[in-house]
Amino acid sequence: KIPFNVELIRQDFPILKRKINGYPLIYFDNAATSQTPKQVIDTIVDYYSNYNANIHRGVHTLSQEATDKYEGARKKIQQHFNAANPYEIIFTSGTTHGINLVANGFASELKKGDEVLISALEHHSNIVPWQMLCEKTGAILKVIPMNENGELIFAEYEKLLSGKTKMVFVNHVSNALGTVNPIKKIIDKAHEAGAVVLVDGAQAAPHIKADVQALDVDFYLVSAHKMCGPTGVGVLYGKEKWLKKLPPYQGGGEMIATVTFEKTTYADLPHKFEAGTPNICGGIAFGAALDYMNEVGFHEIAEYEHQLLEYATKQLLAIEGVKIYGVSKEKTAVISFNIEGIHPYDIGTIIDKLGVAVRTGHHCAQPIMDFYKIPGTVRASFSFYNTMEEIDLFIEAVKRAKAMLE
Ligand code: PMP
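Conventions used here
Residues numbered from 1 in each chain as written. Predicted model: local features only at pLDDT ≥ 70, side-chain atom pairs only at ≥ 80, totals over all residues. UniProt positions renumbered as here; feature names shortened; annotations may be inferred. Helix = DSSP H or I, 4+ residues; strand = E, 2+ residues; numbered from the N terminus. Rg over C-alpha atoms; globule rule 2.2 N^0.38 Å. Buried ≥ 20, exposed ≤ 12 C-beta atoms within 10 Å, placed from the backbone. Near = placed C-beta within 6 Å. Nonpolar A, V, L, I, M, F, W, Y, C, P; charged D, E, K, R; others polar. Domains from an automatic or database assignment. Contact = placed C-beta atoms within 7 Å. Axes fitted to C-alpha atoms, helices over the stretch in contact; angles between N-to-C directions. Parallel < 35°, antiparallel > 145°, perpendicular 65-115°, else oblique. Left-handed = near helix turned anticlockwise from the far one by under 90°. Expected span 1.5 Å × (residues − 1).

Naming follows an unreviewed UniProt entry, where the protein appears as Cysteine desulfurase of Gillisia limnaea. Its UniProt record gives the protein the following Cofactor (unreviewed entry) comment, quoted word for word: "pyridoxal 5'-phosphate". As its UniProt record puts it under Function (unreviewed entry), the protein is described as follows: "Catalyzes the removal of elemental sulfur and selenium atoms from L-cysteine, L-cystine, L-selenocysteine, and L-selenocystine to produce L-alanine."

If you want it as structure tokens, here you go:
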């Protein structure tokens, strides 16, 4: 294992050499999408240059090579998340797709008056599909509340759980605030009440290596593009018993055992949920991204990102009028903030002129913004290829924006 060296790591990311408006790119929008190392880019080029073919049904060499690599990636992902079986890993187009797949499947499991719980910290993609499911089934959606620090109130969660609770949906890490939720405790309590738990791991996966068996989670979802992989691919982990029980989400090729005009029987897992030609290259590149991140080391990543978070938090708070939203002790390297009297969009626009990429707005989590009674925030989210010097430049940029806008 090579020791953690941010300067060497940065050389793996071609985009970090870019200039924006004449300034070196400072990319602090990692929670939206992470950047891609050359090892992953090379995997994509290699796929299209050397073995691009459709998988699973070809007898020819290219098809077999592509199938082997795609199924190899599934195994890598299985090992990474410590799933018991490779067929419990379903390739999706991303977290949103995976959540909709599960929501669709549970339509037949819920009846009128059943209750499902979501948390106040969810991304819209872990709210809207469940609202749609409740409309369809007559189930009732209840919300686990949060406190000023941006943490879920566990005692309130315990009060909401009852024999009526059928499902609990919660993210592992909040994208808007960075709060790390105590998901093991949440899962255990839900199971005691007999409820199924789905954890949206989209924001956790780039920072924390989740062990789905140790967590005993029923469903866990991630998107590759947040963890050094390409867009348009992700995975749904599901416990075998649930994946066997749920009906398929989409019909088509690849997901069948036999088709006649009278009746179709479905393929075994994982193919039952993978209708049509999948994102073959994306799946293989996701495997390469996991290899890369594991090579850097999740322990090292977490430790270094924590230093970035602490440093940036201190520097930002030294600027008059700055308020940070989400101040849990358990948090990933995300800072959501505002400056008194200034609209977040204006700060984002001005610091972009200085090369700094941050996200502004509600971050697809409007209920959190409503809780704080704000239209949105500026969100700086760090990754292991960011540096302390970049934070200094970001702080200078924020100060300049503030001076211009006051
Ligand atoms: N959940 C969370 C917590 C997220 O941050 C995101 C992406 N912003 C999603 C779900 C949706 O992921 P995707 O857009 O890749 O489907």
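Engineer: An account of the overall build of the protein is requested, with residue identities and associated values reported.
Structural biologist: When its secondary structure is counted, the protein shows 14 helices and 17 strands. Taking 22 Å as the expected radius of gyration for a compact globule of 406 residues, we find that the protein reaches 22 Å, a close match to that expectation. For the protein, the spread of C-alpha atoms along the principal axes amounts to about 70 × 55 × 35 Å. Taking all 406 residues of the protein together, 47% fall into the buried category.

Engineer: Describe in detail the site of the ligand, supporting the description with residues and values.
Structural biologist: Neighbouring the ligand are 14 residues, the closest being Gly 94, Thr 96, His 123, Asn 175 and Ser 223. Along the lines of polarity and charge, the residues of the shell around the ligand split into two nonpolar, 11 polar and one charged.

Engineer: Before we move on, could you go through the UniProt feature "domain: Aminotransferase class V" (unreviewed entry) in the protein and cite the residues and values that matter?
Structural biologist: Sites flagged by UniProt as "domain: Aminotransferase class V" (unreviewed entry) map to residues 26–394. Between the C-alpha atoms that bound residues 26–394 there is a distance of 8 Å. The span itself is 39% helix and 18% strand.

Engineer: Describe the domain arrangement of the protein, listing the residues and the values that go with them.
Structural biologist: For interface size, the figure often reported is the accessible area lost on association. Each assigned domain of the protein is listed here: domain 1 (6–30 + 297–405) and domain 2 (41–294). Placing a centre on the C-alpha atoms of domain 1 and another on those of domain 2 gives a separation of 28 Å. Across the contact, 22 residues belong to domain 1 and 24 residues belong to domain 2. In terms of residues, the side of domain 1 that touches domain 2 owes the most to one element, helix 11 (residues 298–317), which gives four residues. Looking at the side of domain 1 that touches domain 2 residue by residue, the classes come out as 12 nonpolar, six polar and four charged.

Engineer: Tell me what's going on with the packing of helix 11 against helix 14 (residues 388–405), and back it up with residues and numbers.
Structural biologist: Helix 14 packs onto helix 11 with a crossing angle of 20 degrees between their chain directions and a minimal axis gap of 10 Å. On the basis of their axis angle, the class for helix 11 and helix 14 is roughly parallel. When the axes of helix 11 and helix 14 are compared, the crossing they make is right-handed. Mapping the contact onto sequence places Leu 308, Tyr 311, Ala 312, Gln 315 and Leu 316 in helix 11 and Met 388, Ile 391 and Ile 395 in helix 14.

Engineer: Describe helix 10 (residues 280–296), naming the residues involved and giving the relevant values.
Structural biologist: In this model, helix 10 (17 residues) spans 25 Å end to end at C-alpha, consistent with the 24 Å of a helix rising 1.5 Å per residue. By the criterion of burial, helix 10 is predominantly enclosed, with 14 of the 17 residues buried. At the C-terminal side of helix 10, Gly 297 shows a positive phi close to 105 degrees.

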